[in-house]
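# Architecture and fold: a report
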Amino acid sequence: MFSIALGVDFFALDSSTAPPHELRDLLGAALRERGATGLAGLRGRDDVLEAARLLLADLSSHRHSGPDRLTTIRDTGLHGRHAGLAGLGRSDLAVHTESAQLPIPPRLVILACLQPGRAGGESILVDGHAVLGELAAFRPAALETLSAPRSAYFGGADGLFAPILENLPSRRWRIRLRQDELARFSPQAQAQMPALRTAIARHTVSVRLAAGQAIILDNHRLLHGRAAFTGERLLLRALGPAHSGLGLEAGFTAPWSTAEGAENPVRTGTAPTTGAAPQP
């Protein structure tokens, strides 16, 4: 095991070092504590699939995924300027969560680097737990607004109204966000976006993956993005629900202590609903 910035622990994908169930236990502990962990020693597509089988209850398909449900992330030269497809270009990519338009987005994201590119291309990570804590402490009005059930609309005509910061029934939280053409915010939420982006910027870190490294992210807690890059950069992405052996509960804990009698600083209404997108 070794670590880099953000305290992301990288574990070797090697059954001779740790049997699969022991490795899953180590990865689950890191995900529960920090929302992110890593693997090293991935030699190609088969190893990424092995990692997906270790961590995911199932592999979710995506419109750009292959028959094995892995998505190749590279500059195609065709898609980068299209709505929702900036990840298939080489420009910077604003931090987001995957599949924000789904009622329950995939829990885990695996981003495996096969070729890092010549320069740039760092993965940008933001811990939603830290963002939530900053808003609760210093911008409670922003937190209340951004946790309203219809604070945002994600997707196209068949998209979803949902809070950006969702207060779950279990007193845990889930974050969902995108910042491209497929996200619209209520006027009240739009007014609070500067506060959200300031908190995001304060808790942003970057990780440059080497060939053979992968980061595993709790998609209900971690935002991720990408710096612009040059050269040929190639990643494989896997999405899906978490394997039960990881021990992940819904969402993430609030950064304040309910054990000390503190109440959640906001109370929200009903669950997210689908519907027509709000007018600009």
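What comes next concerns the included structure. (Residues numbered from 1 in each chain as written. Predicted model: local features only at pLDDT ≥ 70, side-chain atom pairs only at ≥ 80, totals over all residues. Heavy atoms only, no water.)

### With respect to the side chain of Ser186
- Relative to the assigned elements, Ser186 resides in the loop between β13 (183–185) and α5 (187–202).
- Setting aside residues no more than four positions away along its own chain, Ser186 makes contact with Arg150 and Ser151. (Helix = DSSP H or I, 4+ residues; strand = E, 2+ residues; numbered from the N terminus. Contact = heavy atoms within 4.5 Å.)

### Quick notes on the sheet that holds strand β11 (residues 165–167)
- Here we have three strands laid out as an open sheet, ordered β11-β12-β19, and antiparallel in their pairing. Each having just a single partner strand, β11 and β19 (252–253) make up the two edges of the open sheet. (Pairing = 2+ DSSP bridges.)

### Re the pattern of salt bridges
- Tallying each qualifying case throughout the model produces 13 salt bridges.
- Arg90 is the partner of Asp75 in a salt bridge, and the nearest nitrogen-oxygen pair spans 2.7 Å. Taken as a pair, Asp75 in the loop between β4 (71–73) and β5 (93–96) and Arg90 in the loop between β4 and β5 lie far apart in primary sequence, 15 residues in all.
- With relative accessibility at 32%, the residue Arg90 sits in the partly exposed group.
- For Glu98, the salt bridge identified is with Arg237, shortest N-O distance 3.4 Å. Taken together, the positions of Glu98 in the loop between β5 and β6 (108–116) and Arg237 in strand β18 (residues 233–240) put the pair 139 residues apart, joining distant regions of the chain.
- Arg237 gets classed as buried once you look at its relative accessible area, which sits at 9%.
- One salt-bridge network, in which partners are shared between bridges, spans Glu166, Arg174 and Arg176. (Salt bridge = Lys/Arg side-chain N within 4 Å of Asp/Glu carboxyl O. Buried < 20%, exposed > 50% of the residue type's maximum accessible area, 1.4 Å probe, protein only.)

### As for the packing of helix α1 (residues 20–34) against helix α2 (residues 45–55)
- At their nearest, the axes of α1 and α2 sit 10 Å apart, and the two run at 75° to each other. Taken together, α1 and α2 sit at an angle that is classed as roughly perpendicular. On α2, the residues that touch Pro20, Leu23, Arg24 and Leu27 of α1 are Arg53, Leu54 and Leu55.
- Residues of the contact of α1 with α2, tallied by class, amount to five nonpolar, no polar and two charged. (Axes fitted to C-alpha atoms, helices over the stretch in contact; angles between N-to-C directions. Parallel < 35°, antiparallel > 145°, perpendicular 65-115°, else oblique. Nonpolar A, V, L, I, M, F, W, Y, C, P; charged D, E, K, R; others polar.)

### Side note on the packing of aromatic side chains
- On inspection of all chains with the given rule, the structure shows two aromatic pairs.
- Consider the rings of Trp173 and Trp256, whose centres lie 5.9 Å apart with planes at 85°: the pair is edge-to-face. Separated by 83 residues along the polypeptide, Trp173 in strand β12 (residues 172–175) and Trp256 in the loop between β19 and β20 (273–274) bring together distant segments of the chain. There is no split in this pair, since Trp173 and Trp256 are both buried.
- The side chain of Arg150 reaches across the aromatic face of Phe161, ending 3.8 Å from its centre.
- The cationic tip of Arg233 hangs over the ring face of Phe229; the distance from NZ or CZ to the ring centre is 5.5 Å. (Phe/Tyr/Trp six-rings, centres within 6.5 Å; stacked < 30°, edge-to-face > 60°. Lys NZ or Arg CZ within 6 Å of the ring centre and 35° of its normal.)

Function cannot be read off these values alone, since they describe shape.
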